[in-house]
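# Overview (structure and organization)
Spelled out, the chains give:
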Amino acid sequence: CIERASSCLMCLRPQGVLTRSQRRALRELWPDYGIDAGYNVTMTAQTLQLEFGDDGSEAATTGEARLILDVGFGSGEETATTAEMFPSCRFLGVEVHKPGLASLLKRIRRKNLTNVRVVRSDVITLLADRMKGRVF
């Protein structure tokens, strides 16, 4: 379905049905890897740095970790694989589809990744309304 938002067109997928394991992943893993991007939330480079925390890497302690925005990551397979290959980079996955979010959360846990966080949001809204200053 096509909806009009912020004077541009975007495509929103139907949400589908969450499996029991996907519901559990969202409930149990979101507090560790999810970033809430509600209406009253503003993200800056500093708040994202806090979300990732100090993973002990040199990039984290110097604040020089590269932040990669992954928009519409689907099941998260490529996101998790790429994050595993580049542990010094930080990955922020943006997705509206709950089953995809849950799948990536499960991959993050299974691969023990510390450099991935996820946001449930439309990317246009996220970049236009929720992020302030230079983040990427």
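The structure this text deals with has already been given above.
Residues numbered from 1 in each chain as written. Predicted model: local features only at pLDDT ≥ 70, side-chain atom pairs only at ≥ 80, totals over all residues. Heavy atoms only, no water.

Here we come to helix α4 (residues 77-85). Considered for burial, the residues of α4 that qualify are T79, A80 and A83. All buried residues of α4 project into a common sector of 95° when viewed along the axis, lining one side. Set apart from the buried face of α4 by more than 90 degrees, the exposed residues are E78 and M85. In this structure, the buried residues of α4 make contact with β4 (67-71), β5 (90-95), α5 (98-111) and β6 (116-120). (Buried < 20%, exposed > 50% of the residue type's maximum accessible area, 1.4 Å probe, protein only. Helix = DSSP H or I, 4+ residues; strand = E, 2+ residues; numbered from the N terminus. Arc of directions from axis to C-beta. Contact = heavy atoms within 4.5 Å.)

Right, let's talk about unusual backbone geometry for a bit. The backbone phi angle of N112 is positive, close to 55°, even though this residue is not glycine. Turning to its location among the elements, N112 is positioned in the loop between α5 and β6. Overall, the relative accessible area of 60% leaves N112 in the exposed class.

The next subject is the side chain of S103. Within the element layout of this structure, S103 appears in helix α5. Take S103: its relative accessible area is 17%, and that puts it in the buried class. Excluding anything up to four places from it in sequence, S103 contacts Q22 and S75.

Here we take up the packing of helix α1 (residues 20-33) against α5. Running from N to C, α1 and α5 point in directions that differ by 65°, and their axes come no closer than 8 Å. The way α1 lies across α5 gives a crossing that is left-handed. Two secondary-structure elements touch here, α1 through S21, Q22, A25, L26, L29, W30, D32 and Y33 and α5 through K98, P99, L101, A102, S103, L105, K106, I108 and R109. Among the residues making up the contact of α1 with α5, the classes are represented as ten nonpolar, three polar and four charged. (Axes fitted to C-alpha atoms, helices over the stretch in contact; angles between N-to-C directions. Left-handed = near helix turned anticlockwise from the far one by under 90°. Nonpolar A, V, L, I, M, F, W, Y, C, P; charged D, E, K, R; others polar.)

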